[in-house]
Amino acid sequence: MSTFQKLKELVAATEADATAFHEKGNKAAGTRLRKAYQEIKVLAQAGRAEVTELKNKESK
């Protein structure tokens, strides 16, 4: 569950940068937003692997 919690926290922390980039056109916020999206992608992939591993352990 920790991967999911980290993902939720990262999305929440990124909200201000998303607003600054999309509504105010702040390019630096756009750079931070792209970095956060990459981190979200990595966390999501780790979460998928974690779920698959737990699912396979339970089915044996």
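Data block above holds the structure.
So, here's what we can say about the structure. This one's a predicted model, so the numbers in the text were calculated from it and none came from an experiment.

### Section: the overall build of the protein chain
Counting its regular elements, the protein chain contains two helices and zero strands. Taking 2.2 N^0.38 as the reference for a compact globule, 60 residues should give roughly 10 Å; the C-alpha atoms of the protein chain span a radius of gyration of 15 Å, well beyond that estimate. For the protein chain, the spread of C-alpha atoms along the principal axes amounts to about 55 × 15 × 10 Å. By the burial criterion, 20% of the 60 residues in the protein chain qualify as buried. As displayed, the protein chain has an accessible area near 5000 Å², and 57% of this comes from carbon and sulfur atoms.

### A closer look at helix H2 (residues 27–59)
In a regular helix each residue adds 1.5 Å, so 33 residues correspond to 48 Å; H2 covers 48 Å between its end C-alpha atoms and thus fits that length. Among all positions of H2, only Ala29, Gly30, Leu33, Ala36, Ile40 and Gly47 are buried. As for H2, its buried residues are in contact with helix H1 (2–24). Capping the start of H2, asparagine 26 holds a side-chain oxygen 3.0 Å from the backbone nitrogen of alanine 28, two or three residues further along.

### Observations concerning the pattern of salt bridges
By the definition in use, this model includes two salt bridges. With its nearest N and O atoms 3.0 Å apart, the salt bridge here joins aspartate 17 to arginine 32. Here the residue aspartate 17 occupies a position in helix H1, and arginine 32 occupies one in helix H2, the gap between them amounting to 15 residues. Its salt-bridge partner being lysine 57, residue glutamate 53 comes within 3.5 Å of it at the nearest N-O pair. Taken together, the positions of glutamate 53 and lysine 57, both in helix H2 and four residues apart, correspond to about one turn of that helix. Using a relative accessible area of 46% as the deciding quantity, one classes glutamate 53 as partly exposed.

What counts, and at which threshold
- Residues numbered from 1 in each chain as written.
- Predicted model: local features only at pLDDT ≥ 70, side-chain atom pairs only at ≥ 80, totals over all residues.
- Heavy atoms only, no water.
- Helix = DSSP H or I, 4+ residues; strand = E, 2+ residues; numbered from the N terminus.
- Rg over C-alpha atoms; globule rule 2.2 N^0.38 Å.
- Buried < 20%, exposed > 50% of the residue type's maximum accessible area, 1.4 Å probe, protein only.
- Areas by Shrake-Rupley, 256 points an atom, 1.4 Å probe, with all protein chains shown as cover.
- Expected span 1.5 Å × (residues − 1).
- Contact = heavy atoms within 4.5 Å.
- Polar contact = N/O pair within 3.5 Å; in protein donor to acceptor, adjacent residues only side chain to side chain.
- Salt bridge = Lys/Arg side-chain N within 4 Å of Asp/Glu carboxyl O.

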